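Structural characterization, general
Read off the chains here:
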Amino acid sequence: MILPRTRFERITLYYKDKWSCYYIPIPKNANTSVTKWFNGHSVFTKHGQQYTGEVLEGVKFLVLRNPLKRIISMFFHMLQEVNKGKASFKEYGFYFKKNHIEYPEFKISLVDRFNLFLDSIKKNKFYDLHIFPQIFFLKETGLSPEDVDILLFDDLERDIDNFCKKYGFIPTQELETLNITKNKFGLGSQQEEIQKYIDSHIDVQNKMKILYQEDWDLYNKIKDSRS
């Protein structure tokens, strides 16, 4: 996987001293909710190593999401930038540096804009941290899937409960499920429209699986291990 290094020089992790535990946050994977629940302090990694040069010792966990579901959340996050006139799915660099140019994508259907979004990922090789593959954030810490506890977004509350029981952790607060983008912009019906479109088009599903092949493989491996 070849990803750009021009805009992202470090990745934030969270560490809870009382638990000797690291949380590896991944955008669009209930990150706001889990970060608030975990209540740890931030540490940084750069090119696979902590700034302090220390090894990530202790318990480590992340939340993994079905990439075919996650991509819908990513799309609406990036669509906000397009709607503000700060970006275009047709522009190679995606983000405008100065004056933006009006593109016909502002007048086309939501489904067509979604297809432009998929094309923009393929052409621009993951141009924003929010749409990077989930496996990227794990690799940046120098870890492999075998080194961490993987909680599934599909049933996050149950997985968090089992995770805490496994290590004897006592949380200081309940998990509060938050969806900042959906709540702020009222995207429920639009998300349903895109979900129905994906569900009814195998070719679109295959395109998404290819774009996020490693994520898809890992997600299914974890799902299969629990069946």
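Residues numbered from 1 in each chain as written. Predicted model: local features only at pLDDT ≥ 70, side-chain atom pairs only at ≥ 80, totals over all residues. Heavy atoms only, no water.

Some remarks on the pattern of salt bridges
Pairing between side chains of opposite charge can happen when the charged atoms of each approach one another. Enumeration over the complete set of coordinates arrives at 10 salt bridges. Among the salt bridges present, the one from E81 reaches K84, with a minimum N-O distance of 3.6 Å. Exposure remark for E81: the relative accessible area of 18% places this residue in the buried category. Overall, the relative accessible area of 48% leaves K84 in the partly exposed class. Between R226 and D159 there is a salt bridge whose closest N-O contact spans 2.6 Å. Taken together, the residues R226 in helix α9 (residues 213–226) and D159 in helix α5 (residues 156–167) connect sequence positions 67 residues apart. Owing to a relative accessible area of 6%, D159 belongs among the buried residues under this scheme. (Salt bridge = Lys/Arg side-chain N within 4 Å of Asp/Glu carboxyl O. Buried < 20%, exposed > 50% of the residue type's maximum accessible area, 1.4 Å probe, protein only. Helix = DSSP H or I, 4+ residues; strand = E, 2+ residues; numbered from the N terminus.)

A short note on helix α2 (residues 67–83)
For α2, which comprises 17 residues, the first-to-last C-alpha distance of 24 Å matches the rise-based estimate of 24 Å (1.5 Å per residue) to within 8%. In terms of burial, α2 is a largely internal element, 15 of the 17 residues being buried. A distance of 2.9 Å separates the backbone nitrogen of L68 from a side-chain oxygen at the start of α2, and that oxygen is part of N66. One or two steps after α2, the chain reaches G85, where phi turns positive at roughly 80°. (Expected span 1.5 Å × (residues − 1). Polar contact = N/O pair within 3.5 Å; in protein donor to acceptor, adjacent residues only side chain to side chain.)

Re the nonpolar core
Counting residues in each nonpolar core, the largest one holds 52 residues, and the members touching the most others are I71, F75, F89, F114, F117, I121 and I194. With 9 residues, the single largest contributor to this core is α2. Counting 17 residues, the second-largest nonpolar core is a separate cluster that includes W37, F38, V63 and F163. (Core = buried A, V, L, I, M, F, W, Y, C linked by side-chain atoms within 4.5 Å.)

As for unusual backbone geometry
Even without being a glycine, S20 presents a positive backbone phi close to 50°. For S20, the position within the fold is in the loop between β1 (11–16) and β2 (21–23). The phi torsion at K28 lies on the positive side, around 70°, for a residue other than glycine. Its relative accessible area of 16% is what places K28 among the buried residues.

Side note on the packing of aromatic side chains
Scanning the entire structure with this criterion turns up 26 aromatic pairs. An angle of 40° between the planes, with centres 6.4 Å apart, marks the rings of W37 and F38 as tilted. Of the two residues, W37 and F38, neither departs from the other in class, the shared state being buried. The interplanar angle of 70° and the centroid separation of 6.4 Å between the aromatic rings of F126 and F132 together place this pair among those described as edge-to-face. This pair shows no difference in class: F126 is buried, exactly as F132 is. Through successive ring pairs, a cluster of aromatic residues spans Y14, W19, Y23, W37, F38, F61, F163, Y167 and F169. Between K16 and the ring centre of F38, over which it is positioned, the NZ or CZ distance is 5.8 Å. One cation-aromatic arrangement involves R65 over F153; the distance from NZ or CZ to the ring centre is 4.0 Å. (Phe/Tyr/Trp six-rings, centres within 6.5 Å; stacked < 30°, edge-to-face > 60°. Lys NZ or Arg CZ within 6 Å of the ring centre and 35° of its normal.)

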